[in-house]
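# Summary of structural features
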Amino acid sequence: MSEPNTVDEAWPENEVTGFIDPVSMEEDPTELFAGDRGTLDAGVRRVLVRLLQRRFLSADKYPAQWRTLLENQQLIESRLHDLFVRLVVDHDRGIAYKQQVRSAELDVPILLRDDPYNRAETLVLVHLRTVFQQERVAGEVSARVDIEELEQTVLTYFDPDDTNMARGQQEIRSAVTRLAKEGLMEEETAGRYRITPLVEVVMSTEKLSELSRWLRERNDGPGHEVTAEVAP
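Summary of the structure given here. All of these numbers come straight from a predicted model, not from anything done at the bench.

Rules used throughout
Residues numbered from 1 in each chain as written. Predicted model: local features only at pLDDT ≥ 70, side-chain atom pairs only at ≥ 80, totals over all residues. Heavy atoms only, no water. Axes fitted to C-alpha atoms, helices over the stretch in contact; angles between N-to-C directions. Helix = DSSP H or I, 4+ residues; strand = E, 2+ residues; numbered from the N terminus. Parallel < 35°, antiparallel > 145°, perpendicular 65-115°, else oblique. Left-handed = near helix turned anticlockwise from the far one by under 90°. Contact = heavy atoms within 4.5 Å. Nonpolar A, V, L, I, M, F, W, Y, C, P; charged D, E, K, R; others polar. Pairing = 2+ DSSP bridges. Salt bridge = Lys/Arg side-chain N within 4 Å of Asp/Glu carboxyl O. Buried < 20%, exposed > 50% of the residue type's maximum accessible area, 1.4 Å probe, protein only.

## Points about the packing of helix α6 (residues 147-155) against helix α7 (residues 165-181)
Running from N to C, α6 and α7 point in directions that differ by 120 degrees, and their axes come no closer than 10 Å. When the interaxial angle is binned, α6 and α7 end up oblique. In this structure, α6 crosses over α7, and the sense of that crossing is right-handed. Within the contact between the two elements, α6 uses Ile 147, Leu 150, Glu 151, Val 154 and Leu 155 and α7 uses Met 165, Gly 168, Gln 169, Ile 172, Arg 173 and Val 176. Taken together, the residues of the contact of α6 with α7 sort by class into seven nonpolar, two polar and two charged.

Below, the structure written as structure tokens:
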């Protein structure tokens, strides 16, 4: 007796044998674009790009990307380390940011630039950090400033002989624009800003005390225009 045919012709061949038809490279579902040789999922790549593009990643503002970061932290750290960049994940503040690796023993190419803050940016940053610290000590969850209050405070540290107030105000507005772009403050309504926890990272308590003391000394003396620069 001949051996019975165990293949049901009504079934697809790949379903019977347990094999699937080969997929061409052009149809590979892991390839996101033509010639893609990356191995990360699209979502992980977006988090990596955001970390490289922006000053920091916020858990409150981007909860989905924050979860992706935590789920793939070691993988993302590995990619950044390949570029001599360190990842810092601050769970308490709910922020993640990058740092340039520097070493005296190793020749490290510098990818991240340290653009120092100018006079107005430094003064605005000192005020933001001071307000943020005061509100935290008072038990407040968040801290906010109005542009008018900020201008009045910062202008007191400008050269008293400079009568061009409009120019000083423009410097301060430009400083606010940069700091908001970097994520240190966020405009909630017209002229009112929320100070983000990143301000604590950019300016430590020690640096704040040092600058505040220096500003008081300058403010007490003649011609106290501030020209200090603070590297972010």
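And the narrative resumes.
## As for the sheet that holds strand β1 (residues 56-58)
Reading across from one edge, β1-β3-β2 is the order of the three strands in this open sheet, with antiparallel pairing throughout. Looking at strand neighbours, the two that pair on one side only are β1 and β2 (85-90), the edges of this open sheet. Pairwise comparison of adjacent strand axes, ignoring direction, gives a mean angle of 15 degrees for this sheet. Where β1 meets strand β3 (residues 95-100), three bridges bridge the pair, whose relative direction is antiparallel. Residue Leu 57 lies in a different strand from β3, and its bridge partner there is Ala 96.

## Examining the pattern of salt bridges
Applying the stated criterion across every chain, the model contains 14 salt bridges. Ionic pairing is found between Arg 37 and Glu 31, a salt bridge with its closest N-O pair at 3.9 Å. Taking the relative accessible area as the measure of exposure, Arg 37 reaches 62% and is therefore exposed. For Glu 210, the salt bridge is made with Lys 207, and the minimal N-O distance between the two is 3.7 Å. Placement of the pair is Glu 210 and Lys 207 together in helix α9 (residues 205-220), with a separation of three residues, close to one helical turn. Owing to a relative accessible area of 41%, Glu 210 belongs among the partly exposed residues under this scheme. Each member of the salt-bridge network shares a partner with another, and the members are Arg 55, Glu 121, Arg 178 and Glu 182.

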